[in-house]
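Take a look at the letters that make up each chain.
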Amino acid sequence: MAHQWRGVIREYFDRLDIEQDSPIITLGEGGTPLVEAPRLATLVGAERVLLKVEGMNPTGSFKDRGMTMAVSKAIGHGAKAVICASTGNTSASAAAYAAAAGITSVVLVPDGKIALGKLSQAVAHKAQILQVRGNFDDCLDLARDLADNYPVHLVNSVNPDRIEGQKTGAFEVVDSLGFAPDMHVLPVGNAGNYSAYFKGYAEDLAEGRIKALPQMWGFQAEGSAPFTMGGPVKNPETIATAIRIGNPASWDLAQNARSVSNGLFGAVSDKQILWMHRFLSQEVGVFVEPSSATGAAGLYKQSQQGADLAGKTIVVTVTGHGLKDALWALKDEDGNEIAPTSVSTNADEVAESLGLVRK
Ligand code: AN7
């Protein structure tokens, strides 16, 4: 019989920090596919690589796992409005969950630097959107300031409820595989998700569900890579706008996760990100936004630099749907526009343009 997934709070209620009688605001988030990617495994020389496809969440990104918790708890505390700073996906998610809860959302986004699909979502869900003349880091400072001094509830990942919800990604991986992978690979911006997966795995370890932690491997874009630079980056730049973040909010949590899990941080170029973005679409069948290809791009770079992945099972979280930032697919490797060939309705002419030979 068909089983309807009930959202991460109901599915994992006993393992989440939430009051027994809390309201639950859900859009059915979580329960996302763990997709075998054999050609990616071959590319990097691993036994198995699996993608945790977070674009399948209700608003098309992993943010929904944390937002169901943050907004449910905000409602429990009587909040009438939520606020967040965002490179796009957090705002889309906050706007949707606020709409579901019947409260107001305020989103602060960096001027001109968010993907069109994400802006459309925030507009569609009736967020009050302010484009701040500054970058994401400025937006987050502003959001914190406003939440400290005005009646708006902060739902960025500096709010621990967000991390708490997002840890369910790790629970699902363990529930599907039956064990922890050798490595868990993620793109990193604020490092909230990286820290959240680590928390999930650490709890699974403490409760005896797994025998060892995966190494946590986090990758940033080279122009926006505070973790490999060793400190905040003032003017972060990358085409991967979701992770164009210079001063990660979860710095300490992430450093701890890296060290306890014997993991690593790395950086990849925009070119490597776009190459992997295309590989995932063409060779795996999973369309992600460019930022979401950063983890897999980092994994590939590690393998090229000599990391021995033979016999390893690796899970890579691909964080957001390709339709959010769709125009990147319409450019080739050299940045030229790709347009479909125009044809008549004549079958022979169509066959000819396809290079087909009559049977
Ligand atoms: C697709 O929406 O920060 O390391 O404001 O949208 O937890 O920050 C988005 C981040 C990866 C990085 N992939 O996650 C925002 C925001 C996608 C993202 C990240 C983001 P964190």
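From a predicted model like this one, the values you see are computed outputs, not experimental measurements.

Draft legend 1. Local environment of the sheet that holds strand β7 (residues 183-187). If you trace the six strands from one edge of the open sheet to the other, you get β1-β2-β10-β7-β8-β9, paired in mixed fashion. The two strands at the open ends of the sheet, each matched to only one other strand, are β1 (34-36) and β9 (264-268). The sheet shows a mean angle of 25° between the axes of neighbouring strands, taken without regard to direction. With three bridges connecting them, β7 and strand β10 (residues 313-318) associate as parallel partners. In the sheet register, Met183 faces β10, and the bridge partner there is Ile314. Relative to the sheet, helix α8 (residues 168-177) contacts β1, β2 (48-53), β7 and β10, its axis offset from that of β2 by approximately 135°.

Draft legend 2. The packing of helix α4 (residues 89-101) against helix α5 (residues 116-124), seen in detail. Closest axis-to-axis distance for the α4/α5 pair is 8 Å, and the angle between their directions is 20°. The angle between α4 and α5 places the two elements in the roughly parallel class. For the pair α4 and α5, the sense of crossing is left-handed. Contact residues: Asn89, Ser91, Ala92 and Ala95 in α4; Lys118, Gln121 and Ala122 in α5.

Draft legend 3. Quick peek at the layout of surface pockets. Here the largest pocket is characterised by a volume of approximately 200 Å³. Taken together, Lys271, Gln272, Leu274, Trp275, His277, Arg278, Trp328, Lys331, Asp332, Glu333 and Gly335 make up the full set of residues lining the largest pocket. Class assignment for the residues of the lining of the largest pocket results in three nonpolar, three polar and five charged.

Draft legend 4. Local environment of the site of the ligand. Near the ligand you find 23 residues, and of these Asn89, Thr90, Asn190, Ala191 and Thr319 are the closest. Within the backbone of Thr87, an N or O atom sits 2.8 Å from an oxygen atom of the ligand. Coverage of the ligand by the protein chains reaches 99% of its 470 Å² of free accessible surface. A molecule is said to occupy a pocket when more than half its atoms come within 2 Å of that pocket's grid points, and by this definition the ligand occupies the largest cavity.

Parameters at a glance
- Just so you know, the residues in each chain are numbered from 1, in the order the chain's sequence is written.
- Per-residue local features are limited, in this predicted model, to residues with pLDDT of at least 70; the limit for side-chain atom pairs, both in listing and counting, is 80 or more; totals at the level of whole chains, interfaces and linings are taken over all residues.
- To obtain the side-chain values, all non-hydrogen atoms of the structure were used and water was disregarded.
- At least two bridges found by DSSP between two strands are what make those strands a pair.
- Counting from the N terminus, the helices are the DSSP runs of H or I reaching at least four residues and the strands are the DSSP runs of E reaching at least two.
- To obtain each axis, a line is fitted to C-alpha atoms, and for helices this fit is confined to the stretch in contact; angles are then taken between N-to-C directions over 0 to 180 degrees.
- Working rule for contacts: check all heavy atoms of both residues, and any pair within 4.5 Å makes them a contact.
- In this scheme, roughly parallel covers angles under 35 degrees and roughly antiparallel covers those over 145, while 65 to 115 is roughly perpendicular and the rest are oblique.
- With the far helix as reference, a near helix turned anticlockwise by less than a right angle produces a left-handed crossing, and one turned clockwise produces a right-handed crossing.
- Lining residues are those with an atom within 4 Å of a point, where the points come from a 1 Å grid over the protein atoms alone and group into cavities, where a 1.4 Å probe fits but cannot get out, or pockets, open sets with protein on both sides within 12 Å along at least five of seven lines.
- Grid points are joined across faces, edges and corners, and a volume is the space filled by probe spheres set on the points.
- The classification used treats Ala, Val, Leu, Ile, Met, Phe, Trp, Tyr, Cys and Pro as nonpolar, Asp, Glu, Lys and Arg as charged, and all other residues, Gly among them, as polar.
- Whether a residue is near a molecule or strand depends on its heavy atoms: it is near if one of them lies within 4 Å of it.
- Nitrogen and oxygen atoms within 3.5 Å of one another constitute a polar contact, given that in protein one can donate a hydrogen and the other can accept it, and given that sequence-neighbouring residues count only through two side-chain atoms.
- Reported accessibility uses the Shrake-Rupley method at a 1.4 Å probe radius. Residues are deemed covered only where the shown protein chains occlude them.
- Criterion for pocket placement: a molecule counts as inside a cavity or pocket if more than half of its atoms are within 2 Å of its grid points.

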